[in-house]
Structure formats: structure tokens, C-alpha cells
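Architecture at a glance
So the chains spell out like this:
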Amino acid sequence: MPLIELKDVSVRYGEIEALRGVSLSVEAGEVVTLLGGNGAGKSTTLRAISGLTKPASGEILYEGKSLTGLGPEEIVRMGIAHVPEGRRVFPGLTAHENIMLGASNRSGISKEQIDQEADAMFDLFSDIRPFQHVLGWTLSGGQQQMVAVARGLMAKPKLLLLDEPSLGLAPVIVSKVFDIIKEIRRRGTTVLLVEQNARMGLSVADRGYVLETGRLVVTGKPDELWNNEDVRAAYLGGHARAAAKA
Amino acid sequence: MSSMIDIYRASAQRKQRGLLAYIALIAVLVYVAATTTFDGYVTNILMQAVTYAVAVMGLTVVLGLCGQINLAQAAFFGLGAYAVGLGTVDYGLSYWICMGLGLIVVFAFGAFLGTSTIRLGGHYLAMVTISFQQILTLVMINWIPVTHGPDGVSRILKPNLFNTPQSYLAFCVVVLAVVGYLVWQLPSTKLGRAMRAVRDNELAAGVTGIDIQRTKVTAFAICALLGGLGGGLFAGGFSYVSPDQFSFAESIVFLTMVLLGGVASPIGAVIGTGLLILIPEWLRFLKSIPGLYLAIYGLAVILIVLFMPDGIWGFVVQQFKKLRGSLRLSAELPELTLVQTQAHADDVLVVNNLAKHFGGLKAVDDISFVVKRGSVHALIGPNGSGKTTTLNVLSGLYTPTAGAVQLDGQDITHFAPHERTASGLGRTFQNIRLFRSMTALENVIIGVERPGNPVDHAPIALEGRARSALNFVGLGDRADELVTSFSYGHQRLIEIARAVAGNPTLLLLDEPAAGLNSTEKMELRDLLKRIAAKGLTILIIDHDMTLVSEVAEHITVLNFGRRIADGDAVSVLNHPDVVTAYLGSDANAAH
Amino acid sequence: MDMVFQLLFQGIGIGSVYALVALGFVLIFRATNVVNFAQGEFSMVAAFLMVIFSVDLEWPYWISFLLSLGGMAIYGALFNLGVYFPLRHRTYLPVIISTIGASILVSNSTLALYGPQPQVLQPLLDFPGFNIGTVYLDAQYLLIIGLTVVLVAFQYWFFEHTLLGKKLQATSQDKEMASLLGIPVATMIMLTFVYSAMIGGLAGILVAPILFVSIHMGGTIALKAFAATIIGGFGDVAGAIIGGLALGVIETFGAAYVSVPYKDGFAFLVLVAFLVFRPQGIFGERVAEKA
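Residues numbered from 1 in each chain as written. Chains lettered and ligands numbered in written order. Predicted model: local features only at pLDDT ≥ 70, side-chain atom pairs only at ≥ 80, totals over all residues.

Description of the overall build of chain A
Helices and strands together make up the secondary structure of chain A, namely ten helices and ten strands. In terms of overall size, chain A behaves like a compact globule, its C-alpha atoms giving a radius of gyration of 18 Å where 246 residues would be expected to give roughly 18 Å. A total of 246 residues make up chain A; the buried ones form 52% of that total. Long-range pairs, those at least 24 residues apart, make up 66% of the contacts in chain A with a sequence separation of at least 6. (Helix = DSSP H or I, 4+ residues; strand = E, 2+ residues; numbered from the N terminus. Rg over C-alpha atoms; globule rule 2.2 N^0.38 Å. Buried ≥ 20, exposed ≤ 12 C-beta atoms within 10 Å, placed from the backbone. Contact = placed C-beta atoms within 7 Å.)

Structural data, given as C-alpha cells:
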């Protein structure tokens with residue numbers, strides 16, 4: 001049974017159909033990447049899973065159980081952590097405090113224990129240890145991204161939803177972030193990754209899906225996708241198909 | 001098929017008949033008021049209802065039409081009342097002179113309050129108006145040498161011309177009728193449309209060329225004027241005024257009246273005022289327990305806001321609309337012309353070293369490009385590349401950190417949005433910003449009314465051009481429907497019609513394809529080609545590469561806030577840097 | 001010179017009351033983005049509860065005090081459910097109008113139930129005060145200042161050093177992100193309203209022996225709290241406290257040197273002046289621009 005499965009999910013924002021009948025699945029232990037241009041529906045997919053947006057139709061099954069009608073607070077308690085687009089670090093709290101709050105979905109643990117776990121996070125995210133008591137809004141984009149991912153991991157999720165971790169980051173930082181993603185996967189967490197940067201997104205994935213204006217157009221292993229003309233067309237428009245053929 | 005003139009003539013005739021019916025109705029009411037001798041108690045009720053209704057119509061204008069909150073209406077009412085009271089009793093001036101002076105004073109105060117809205121809105125505005133109200137009450141109570149303090153002013157006389165209760169009441173009814181008619185007509189005037197636009201979508205109003213500050217100040221001034229007028233009538237009618245009649249509690253009463261009746265219409269004002277004056281009279285026991293009356297007012301305000309936000313009349317109008325169906329007029333209209341204002345230069349838009357930093361974030365970092373007259377130019381780049389920020393700087397929503405922008409030879413770098421529009425910039429928004437309470441036609445008329453548009457501004461010409469613009473985008477036969485009844489894709493077309501109707505020198509399209517399905521995208525592509533064929537210069541920002549490659553002749557590509565490519569469409573889209581920017585690169589690989 | 005110290009002492013005393021009310025107001029604003037025009041009624045209702053328990057029912061002062069605060073907790077919860085919660089997705093205008101309606105409803109219901117006579121509440125402590133030189137330090141003012149300091153210290157500790165305090169801060173900074181982490185946002189907002197009602201109530205109980213307990217005390221106190229938050233910088237917690245103290249001092253000096261009947265007017269003038277010339281207050285962020 002897949003860890004998470006979307007069956008024919010459609011999402012509307014008012015009149016706009018952001019997702020049209022999308023079906024996909026992720027097995028436990030996998031890293032799956034969702035690719036596509038802007039407005040393709042990638043973030044919407046993650047928002048539908050984490051409960052921020054309610055699907056108009058279709059079903060989302062997590063460990064076989066339906067998530068229909070559940071809110072984000074319940075879904076994160078079930079073990080799905082969502083690191084949203086734009087990082088959204090709490091600006092008035094320090095990096096350490098942000099990370100500690102990541103454990104808010106777990107009950108029955110003491111503040112000391114959370115403190116210790118947050119400290120341990122800085123081993124994995126060693127670049128931000130010197131900044132642990134710095135307020136969120138003064139951190140750089142890359143530092144915020146690391147804080148956001150660490151915060152997501154504090155929930156001890158079975159499934160981690162990562163939305164555009166490379167957005168707005170310099171290439172050097174991006175590669176660090178993706179090294180961390182590889183380590184996360186090595187430690188056993190399943191990851192569903194959304195990326196506009198197709199190359200980086202595919203570099204860590206076992207499988208990928210490509211979305212275009214709300215629909216799934218192609219799926220496969222990273223190499224297959226990278227060499228697929230339709231993938232390029234999804235990003236660069238129809239003529240890219242023509243240029244690729246040339 | 002009728003011509004534009006026929007349509008206009010028909011609607012003018014309908015208006016005339018309506019006006020005649022109205023005048024007839026008022027004449028009947030005036031006759032009844034003037035000849036019937038009501039007993040004192042009934043006269044007082046009618047007097048209060050009529051004078052309050054005038055003040056409440058002030059709120060209809062500022063809150064209903066313009067969307068600005070004013071919690072000081074009782075203060076303006078009081079100013080008018082005291083002007084008449086003090087002026088006639090203490091200074092022996094004629095009623096009319098006092099009324100006139102009072103109106104000038106309240107108009108000035110209203111305009112002053114209105115200017116405070118410039119940097120503030122919402123709750124700040126509420127606080128400023130409450131403070132004004134409280135200060136005025138304090139002055140009324142404490143400045144005893146002038147205002148007589150808590151004793152108030154008594155033995156105020158009616159004017160000689162109407163010095164019986166009946167004739168005075170009739171006079172007040174006439175004033176109410178005239179005010180009501182003017183407030184009723186206001187929404188369809190240029191000022192009224194501007195107010196409604198500010199209420200519906202302030203940002204878009206500015207960008208379509210409306211001077212937001214001036215509109216709000218005018219709305220406040222009119223509201224204050226009507227408040228003062230009502231107060232002056234009140235003083236003459238009741239012969240006695242005192243500070244506790246014009247306190248904050250009374251401002252709440254006015255507010256409740258306008259909310260209950262229906263905030264956007266003078267009919268609602270009359271209904272709300274009438275009900276809230278008559279009901280307490282029927283339920284007189286409410287006034288016997290101090291506080292109960294106002295407590296119920298407070299509860300009523302909450303319930304109305306929760307369950308009946310459009311008020312009674314708003315509810316009625318909704319029902320009526322469902323029955324009426326939509327009006328479809330076809331008209332033989334001239335083809336839309338896009339006039340080029342004097343071409344100063346071949347370069348319509350020149351962007352030089354533009355930068356926009358948000359603190360440490362360099363969203364736009366030194367970009368330059370030129371848009372040539374008559375071309376279709378696209379600005380593209382992956383998410384976070386700075387395209388939208390650039391667009392917002394170009395339309396004046398952000399001020400640049402550095403650099404300059406020239407439109408048709410004029411430096412517009414520091415112009416406010418409505419000033420840029422006046423200089424020839426037209427724009428549409430990614431998240432469609434139409435004025436949702438208006439019809440497609442009204443939205444486009446606002447576009448035509450952009451200052452600087454070299455067209456005939458007579459109402460019939462404005463409407464004709466607006467209809468032509470809607471025809472041009474294929475929606476001419478649905479011009480009189482509310483924009484909310486159109487599909488998303490068609491709303492996008494209306495927005496384009498609104499921008500194009502203003503004869504812009506440069507048309508800025510912000511992600512016009514966002515949210516459209518494939519059929520709608522093809523219609524959009526065809527429309528853009530038709531617009532380009534008329535010689536209008538277009539700058540388009542979009543993610544849909546298929547659309548961009550089909551319409552754009554020239555493309556500038558941004559990434560990380562910098563320009564990475566600029567040239568003709570085909571070569572740019574095949575440029576390796578551009579491909580990398582979109583598909584991503586392996587950060588570890590050497591370039 | 002002694003006059004100056006006397007006025008300063010009184011100004012800080014009354015300013016502490018404004019600071020408490022402003023604090024409650026700012027906390028609600030930060031958590032929900034709602035400007036609560038009924039904030040003053042928290043103070044008024046608490047003062048009336050004290051009168052009912054300690055004067056009418058003649059229960060011991062401390063018990064009445066605790067019961068009144070308990071009553072305010074319940075009132076805050078009801079206020080959240082009845083006024084804020086149904087309108088939480090609407091724009092600012094219906095919410096403003098609704099809280100104004102609530103203010104009128106509550107103050108006039110109290111009037112209807114209790115009658116128009118202002119009530120007198122005895123100060124907590126028996127001794128009236130003491131002198132330092134020729135400056136007379138009234139015991140009630142000392143109590144107000146003392147309790148305010150304690151409360152502000154407590155609040156600082158609570159927000160900075162407890163996990164719950166951090167969760168409350170997170171909720172007011174980014175509600176959606178907080179819910180994504182599993183923080184129960186609705187509960188956090190409820191706690192904010194309850195706490196805000198309680199400190200508003202505390203302020204009312206403290207100031208009651210100095211002013212009369214009347215129906216109108218709520219409205220006046222609320223506007224002064226607004227003025228305080230505007231002075232200090234809208235939305236800023238420290239700013240609310242400093243703004244409150246500043247306003248108390250301005251008002252007291254104004255009453256002594258300029259005019260007594262217009263005492264209340266100073267708050268409004270200051271409010272208008274700041275709104276027109278410096279809307280971001282002394283410490284606050286830019287107020288009105290949003291592209």
C-alpha cells in the first residue's frame with residue numbers, strides 16, 4: 001500500500017481549476033519529485049494533502065485512511081509535515097524557537113526534550129548553528145530554508161512535503177539544501193518534493209511526475225523525464241518541442 | 001439593430017419618465033404635509049424622521065458608495081444645528097444665512113476629516129472620526145460662553161417663509177426629496193463611479209486613473225454637508241438643541257439606520273430611518289428602562305452585520321434582480337479606434353538600470369530594456385526572477401530603489417499610479433481587478449474616463465466608446481450585465497477592454513493567461529494579435545511560453561533580478577542561459 | 001518642582017491603567033488583526049462585577065476580586081465566540097462595526113440591568129498613602145503601578161520563556177503556518193481573548209476606586225488605550241505600555257496646567273495628531289502601505 005495516494009483529485013480556487021483529476025502515489029521510503037512550470041498546480045497538490053485547501057472532488061488516502069475533511073492540525077498529527085513555499089519562518093522568533101515549535105504536533109513530550117531534539121537538529125543543519133538565537137526575519141533566505149526544513153523534521157513525520165526549497169536561493173545554498181534532502185531520505189523519511197528547478201529536483205528523486213496546467217502529463221524515472229521532450233515543452237512552450245526535435 | 005443614439009435616447013426617455021413620477025409623488029407628499037394638521041406628537045416624529053434621513057443619506061454617500069467609515073455624523077449634524085440655533089438666537093441672523101454658514105463650516109470640517117484618510121484607512125479612520133466626534137461633544141458641553149453648555153439653545157425660530165409647523169415640514173420634505181434624488185443619481189455620474197471604484201478596489205481605481213485622495217475627500221465633504229443640512233433643519237423644527245442630542249451614541253444611531261435600510265441607496269436610508277424612529281415609538285416601553293433601547297441598538301448592529309449586510313433594501317433589490325433577468329442590447333457601433341497620442345519617440349518605454357531592493361533582498365537588480373513603438377514585447381523569467389516586482393515598479397505601486405523609467409519620452413519614475421495612467425500607461429492585473437459591483441459597461445467607461453484620453457467626454461460618446469471596446473473583445477452584447485456574472489476568462493477580457501478603451505500609449509498585461517483554460521488562451525492570443533494589429537504597443541508578462549512564443553516579437557528574460565537575455569523571440573527561447581534558467585542546472589557542474 | 005513630581009506620579013499611575021488596557025487591545029490585534037472597539041467594556045464589566053460581589057453581596061474583597069477576574073475570563077471567551085468568530089473571514093469594516101455594536105450592547109445592558117447611578121468602590125488597602133517630602137503617594141496609585149509592573153514582568157516571562165507563549169506569538173505572526181505545525185490556532189485565539197479580557201478587567205478594578213464606576217468608563221478608557229497604542233506604535237507590545245504611560249502623564253499635566261474639563265480631550269487630540277503626522281507611532285512599523 002502506498003504511503004500516500006491521490007485519486008482523481010480536483011481543486012478549484014473560485015472559478016479557476018488549479019488541479020484537474022490528478023492521481024499519483026508515493027511509496028514509503030521514496031523521494032518523489034513533482035515538476036512543472038509556474039501555475040502548473042504543484043503547490044496546490046501539497047496544500048491539498050496537508051489540508052490547507054479542500055479538494056472539490058477526489059480522494060486522498062494516507063496509509064489507507066482518507067484525509068477528506070481533516071484540517072491541517074489533524075493531518076500533521078498523523079505524521080505529514082508540510083514545509084510551505086516561501087519558507088514562512090516566524091519572523092519574531094529565533095531560529096531555535098522556530099525549530100522547537102515544529103514539535104507542536106506531538107503530545108506528551110516535555111519542553112526539555114524538545115529543546116534537546118532542537119539542539120540535535122543543529123548537527124544536521126550545522127551551517128545555522130551559529131545563528132540559532134537570531135530572529136527569523138534577519139536570517140538570510142538560505143538560513144531560513146534550513147530552519148524551515150529542520151522545523152518540519154521536528155514533527156517526526158513519516159511524510160515530508162517540501163515546496164520549492166530552492167526558490168530564490170543561490171546555487172551554492174541550493175546544493176547544500178539538496179544534500180540535506182538526501183540525508184533525510186537516508187534516515188528513512190518519505191519525501192514528496194515540489195521543484196521548479198527540474199534538474200535539482202530530479203537529482204535526488206526516485207521518481208517524478210510532471211504537471212502542466214493542473215494535469216499530470218508524464219511520469220517516470222529521473223533519467224527518462226530529463227530526456228523527455230514533453231517535459232521541456234511543459235517548461236518552455238510548444239516551440240521547445242520543435243527546437244528539441246531539430 | 002439600433003444605433004448608439006437610439007439606445008441613449010431610449011434611456012434618457014426612461015429617466016425623464018421616472019423623474020416625472022418622482023416629482024408627482026413628492027408633490028402629493030408635500031401637499032399632505034402642508035395641509036394636514038397633525039397633532040404635535042406626530043409632527044415631531046415626522047420632523048425627526050425627515051431631518052435624520054437627510055443626515056443618513058450623507059452616510060449613504062461616504063459609506064455606501066465610497067466605502068469609508070464615518071463615526072462622527074452626529075457631530076456634523078450638531079454643527080449644523082448649532083449654526084442655526086446660535087446664529088438666529090444669539091446673533092439675530094436670518095435662518096438662511098445661518099444655514100449657509102453652517103453648511104460651509106461642516107463642508108470644511110468634512111473635507112479636513114477626509115484628508116486624514118489619505119494615509120489611513122479602516123480602523124484608523126474609525127478612530128479619527130470617533131475622536132473628532134468626542135472633541136466636538138466636549139466643546140459643545142464646555143465652551144459655555146459660546147455654546148451655552150449643557151443648557152443648550154432654546155427658542156430657535158423657524159424662517160419667516162415657513163413659520164408654521166405644516167409649511168416647515170413641507171419644506172423639509174422638499175429638501176429631503178431633492179437630496180434623495182441627487183444621491184440616487186450620484187452613482188451614475190463620473191464622481192459616483194469614482195467613489196464606487198474606490199470602494200470596490202482601491203488599487204485598481206488608482207491604476208485606472210482615478211484620483212483616490214480627491215474622491216475620498218469629496219465623499220467626506222458631501223457626507224458632512226448632508227449631516228449639517230439635516231441638523232440645521234432639525235434646529236428649526238424642534239426649536240431646541242443641546243449637546244446630548246449630538247453625541248457618539250447618536251452617530252451610532254445614524255450608522256444603524258443606514259445599515260438596516262441598505263447602505264448603498266437613498267431608499268435604504270429612508271427605510272432605515274423610518275423604521276428606527278417608528279419602531280421605538282410603537283415599543284415605547286423600551287425607553288422606560290434606561291439603556292435597554294440602546295442595548296437593543298447595539299445588538300441590532302451586530303445582527304445586521306452578521307445576517308443582513310446589504311440591509312432591507314439591499315435584500316429586496318437582490319430578489320428583484322433575480323426576476324428581472326439580464327438586459328441585452330445590441331447596437332451598431334463604430335469599430336474601436338486606438339488613437340496614438342503624438343508619437344514622441346520610437347522608444348515607448350525606456351527602463352534604465354532599474355533596481356528595487358526590499359531590505360537586503362534585491363528583487364530587481366539593475367535591469368535595462370527598451371520597448372519599441374508598435375511591438376509586442378514579453379518580459380519573462382522563472383518564479384522569483386523579479387518580473388512582477390518590475391511590473392509593480394513600472395505601474396507605480398512600488399518606488400524604485402534606483403534607476404529611471406521613461407514613457408514616451410516623459411520621466412515617470414516617481415509618478416503616482418494615477419499620474420502614470422494619465423501619461424498613457426494602461427494595465428491589467430494577474431488577479432483580475434474589476435469593480436465587482438458594476439456592470440461590464442461601467443467598468444469600461446471608467447477606463448474611457450482616464451485623464452488624458454483624447455476622446456470626446458460627452459456621456460453619449462463615453463458610452464459609445466465603451467461599447468465599442470466591449471464589442472472589440474467580443475462581449476458587446478452583454479455590456480449591461482454585472483461583471484460577476486461573467487466567466488473568469490471573460491472577466492479577463494473585460495479588464496483588457498477597460499485598459500484599451502483608455503487609448504493607452506503602452507498596454508501592460510500582467511499574466512493575462514493565468515487561470516485560463518486552453519480555449520480561452522487561444523481567444524486571448526487572437527485578441528492580443530488584433531490589438532497589436534491596431535498599432536498599440538504591448539508589454540506582456542506571462543509564464544505560458546506557448547502564448548508568449550506565439551504573440552511576442554521581442555523578449556527580455558530575467559533571472560534572480562537580473563537580465564539574462566534580450567532579443568527577438570526565437571533566438572531568446574533557444575538561448576542556453578534561458579533554457580538553464582527554466583529547467584534548472586546542476587549546481588555542482590562547472591559552467 | 002514638587003508639583004511636577006506629584007503630577008508625574010499620578011500621571012504614571014493612571015497611565016499604567018491605560019497601559020494595561022492598551023496591552024490587552026494590542027494582543028488581540030496581533031493575534032486576529034481585529035481592532036476591538038469593545039476593549040473598554042472589559043474594564044467596565046469587571047468594575048461592576050466587583051461592585052456586585054463586594055458591595056452588594058458584601059463578600060470579602062479578595063474573593064470578589066478573584067470571582068470578578070474569573071467572570072472576565074468567561075466574558076472574554078463568550079466575546080470571542082459571539083463577536084469575533086462568526087466574522088473572522090470578513091473584511092475590516094463589518095468587524096469594526098460589530099465590535100462597536102458589542103460595545104454599545106454591553107454598556108447599555110449594564111445600564112439597563114444596574115441603573116444609571118455611578119457606583120463607588122472602596123480601595124483595596126486601608127491606609128491612604130504616605131508622603132515623600134511634600135509629594136503625596138496615594139496607596140491606590142502605588143498599587144496600580146505595582147501590579148502593572150508585576151503583570152508586565154509576568155507577561156514578558158510568559159511570552160519569552162514558555163512554550164505556550166511562543167505558540168501564541170507564532171499564531172499572531174502567521175496563523176496558517178502555525179496550524180501547519182499543529183498549533184491549535186482557534187484555542188490560541190481563545191486564550192488571547194480570555195487573557196485580554198482579564199487584564200482589561202484588572203485595569204478596571206484598579207482604576208475604579210479613583211474614578212467612579214459608571215457605564216461610560218469603558219468608552220473613555222478604550223479611546224485612551226487606542227491613543228496609547230498609536231503613540232507607541234500600533235501593534236507593538238512595548239509601545240502600548242510606553243504609550244499608555246506617556247498618555248497618562250500628558251493628560252495629568254494637561255489637566256493641571258491647561259484645563260480640567262477638557263482633560264479627556266487631550267487623548268483625542270494626541271490621537272489625531274499622531275494619526276495625521278506620525279501614524280507609525282514612536283516605535284511602530286510603516287502603517288498603511290500595501291501594494
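Next, the rest of the story.
Some remarks on the overall build of chain C
Scanning chain C from terminus to terminus reveals eleven helices and two strands. The order of helices and strands in chain C, counted from the N terminus, is α-α-α-α-β-β-α-α-α-α-α-α-α. Taking 19 Å as the expected radius of gyration for a compact globule of 291 residues, we find that chain C reaches 19 Å, a close match to that expectation. With the principal axes as the frame, chain C shows a C-alpha extent of 60 × 45 × 40 Å. The burial tally for chain C puts 53% of its 291 residues in the buried class.

Section: the interface of chain B and chain C
Taken together, the contacts link 35 residues of chain B with 35 residues of chain C. The set of elements that each furnish at least two residues to the side of chain B that touches chain C consists of helix 5 (122–142) and helix 13 (292–307) of chain B. For the side of chain B that touches chain C, the residue count by class is 24 nonpolar, ten polar and one charged. (Nonpolar A, V, L, I, M, F, W, Y, C, P; charged D, E, K, R; others polar.)

Concerning the pairing of strand 2 (residues 135–138) of chain C
Residues and elements named next belong to chain C. Direction of pairing for strand 1 (residues 129–132) relative to strand 2: antiparallel, over a ladder of four bridges. Within strand 2, the residue paired with asparagine 131 across the bridge is tyrosine 136. Where strand 1 hands over to strand 2, the hairpin turn is made up of two residues, of which glycine 133 adopts a positive phi near 65°. (Pairing = 2+ DSSP bridges.)

Observations regarding the interface of chain A and chain C
Where interface size is given, it is often the accessible area lost as the parts come together that is meant. Contact with chain A, which involves 20 residues of that partner, is made by 15 residues of chain C. If you list the elements that add at least two residues to the side of chain A that touches chain C, you get helix 2 (72–77) and helix 3 (95–101) of chain A. The greatest single-element share of the side of chain A that touches chain C, amounting to four residues, is contributed by helix 2 of chain A. Considering only residue class, the side of chain A that touches chain C consists of nine nonpolar, six polar and five charged.

Section: the sheet that holds strand 14 (residues 562–568) of chain B
All names here are of chain B. With mixed pairing, the six strands of this open sheet are ordered in space as 10-11-12-7-13-14. Two strands lie at the open edges of the sheet, namely strand 10 (425–428) and strand 14, each paired on one side alone. Across the sheet, the mean angle from the axis of one strand to that of its neighbour is 15°, orientation sign disregarded. Both strand 7 (residues 376–380) and strand 13 (residues 554–559) contribute to a ladder of four bridges, which runs parallel. When the bridges of strand 13 are listed, alanine 378 appears paired with isoleucine 555. Of the strands in this sheet, strand 10 and strand 11 (506–510) are in contact with helix 19 (residues 488–500), which crosses strand 10 at around 175°. (Axes fitted to C-alpha atoms, helices over the stretch in contact; angles between N-to-C directions.)

Concerning the packing of helix 9 (residues 217–232) of chain C against helix 11 (residues 263–277) of chain C
All names here are of chain C. With their axes 9 Å apart at the nearest point, helix 9 and helix 11 run at an angle of 35° to one another. Taken as a pair, helix 9 and helix 11 cross one another with a handedness that is left-handed. On the side of helix 9, the interface is formed by Thr220, Leu223, Lys224, Phe226, Ala227, Ile230 and Ile231, while helix 11 contributes Asp264, Ala267, Phe268, Val270, Leu271, Phe274 and Leu275. Residues belonging to the contact of helix 9 with helix 11 are distributed by class as follows: eleven nonpolar, one polar and two charged. (Left-handed = near helix turned anticlockwise from the far one by under 90°.)

Some words on the packing of helix 2 (residues 39–56) of chain C against helix 9 of chain C
Residues and elements named next belong to chain C. Contact geometry for helix 2 and helix 9: axes closest at 7 Å, N-to-C directions at 140°. In this view, helix 2 runs oblique relative to helix 9, as classed from their interaxial angle. Here helix 2 runs over helix 9; the crossing is right-handed. Taken together, the residues of helix 9 that come into contact with helix 2 (itself represented by Gln39, Gly40, Glu41, Ser43, Met44 and Ala47) are Met217, Gly218, Gly219, Ile221, Ala222 and Ala225. Partitioning the contact of helix 2 with helix 9 into residue classes produces six nonpolar, five polar and one charged. (Parallel < 35°, antiparallel > 145°, perpendicular 65-115°, else oblique.)

Thoughts on the sheet that holds strand 7 (residues 159–163) of chain A
Residue and element names in this part refer to chain A. Judged by pairing direction, the sheet is mixed, and its six strands sit side by side in the order 6-7-8-3-9-10 without closing on themselves. A strand with exactly one partner marks an edge of an open sheet, and here the two such strands are strand 6 (80–83) and strand 10 (215–220). On average, each strand axis in the sheet is inclined to that of its neighbour by 15°, with strand direction left out of account. Pairing of strand 3 (residues 31–35) with strand 8 (residues 190–195) involves five bridges; the strand directions are parallel. Pairing of threonine 33 across the sheet is with leucine 193, part of strand 8.

Observations regarding the environment of isoleucine 156 of chain B
For isoleucine 156 of chain B, the location among the structural elements is in the loop between strand 2 (153–154) and helix 7 (165–185). In this structure, isoleucine 156 of chain B is in contact with Val84, Gly85, Thr88, Val89, Ala235, Gly236, Ser239 and Tyr240 of chain B, ignoring residues within four places of it in sequence.

A few points about unusual backbone geometry
Residues and elements named next belong to chain B. One non-glycine residue, histidine 148, lies in positive phi territory at about 70°. Mapped onto the elements, histidine 148 comes out in the loop between helix 6 (144–147) and strand 2. The class of histidine 148 is buried, set by 20 C-beta atoms lying within 10 Å. Of note in this structure, aspartate 408 is not a glycine but carries a positive phi near 50°. In this fold, aspartate 408 is placed in the loop between strand 8 (402–407) and strand 9 (410–411). Accessibility expressed as a C-beta count within 10 Å gives 22 for aspartate 408, which makes it buried.

Quick look at helix 12 (residues 266–282) of chain B
When the terminal C-alpha atoms of helix 12 of chain B are compared, their 24 Å separation across 17 residues agrees well with the 24 Å that a helix rising 1.5 Å per residue should span. Buried within helix 12 of chain B are the following residues: Pro266, Gly268, Ala269, Val270, Ile271, Gly272, Thr273 and Leu276 of chain B. (Expected span 1.5 Å × (residues − 1).)

Points about the confidence of the model for chain C
Residues and elements named next belong to chain C. When pLDDT is averaged along chain C, the result is 85, and 95% of the positions lie at 70 or above. Per-residue pLDDT, averaged within each element of chain C, yields its smallest value for strand 1 (78) and its largest for helix 7 (residues 175–180) (94). Here residues 286–291 scores under 50 on pLDDT; set against residues more than four positions off or in separate chains, the count is eleven contacts. Across the interfaces of the predicted complex, the ipTM metric reaches 0.90, alongside a pTM of 0.83. (pLDDT = per-residue confidence, 0-100.)

Looking at helix 18 (residues 459–472) of chain B
Residue and element names in this part refer to chain B. For helix 18, which comprises 14 residues, the first-to-last C-alpha distance of 20 Å matches the rise-based estimate of 20 Å (1.5 Å per residue) to within 8%. The buried fraction of helix 18 is high, at eleven of 14 residues. Inspection of helix 18 places Leu462, Glu463, Gly464, Arg465, Ala466, Arg467, Ser468, Ala469, Leu470, Asn471 and Phe472 among the buried residues, and these make up the whole buried set. Of the residues trailing helix 18, glycine 474 is marked for its positive phi of about 90°.

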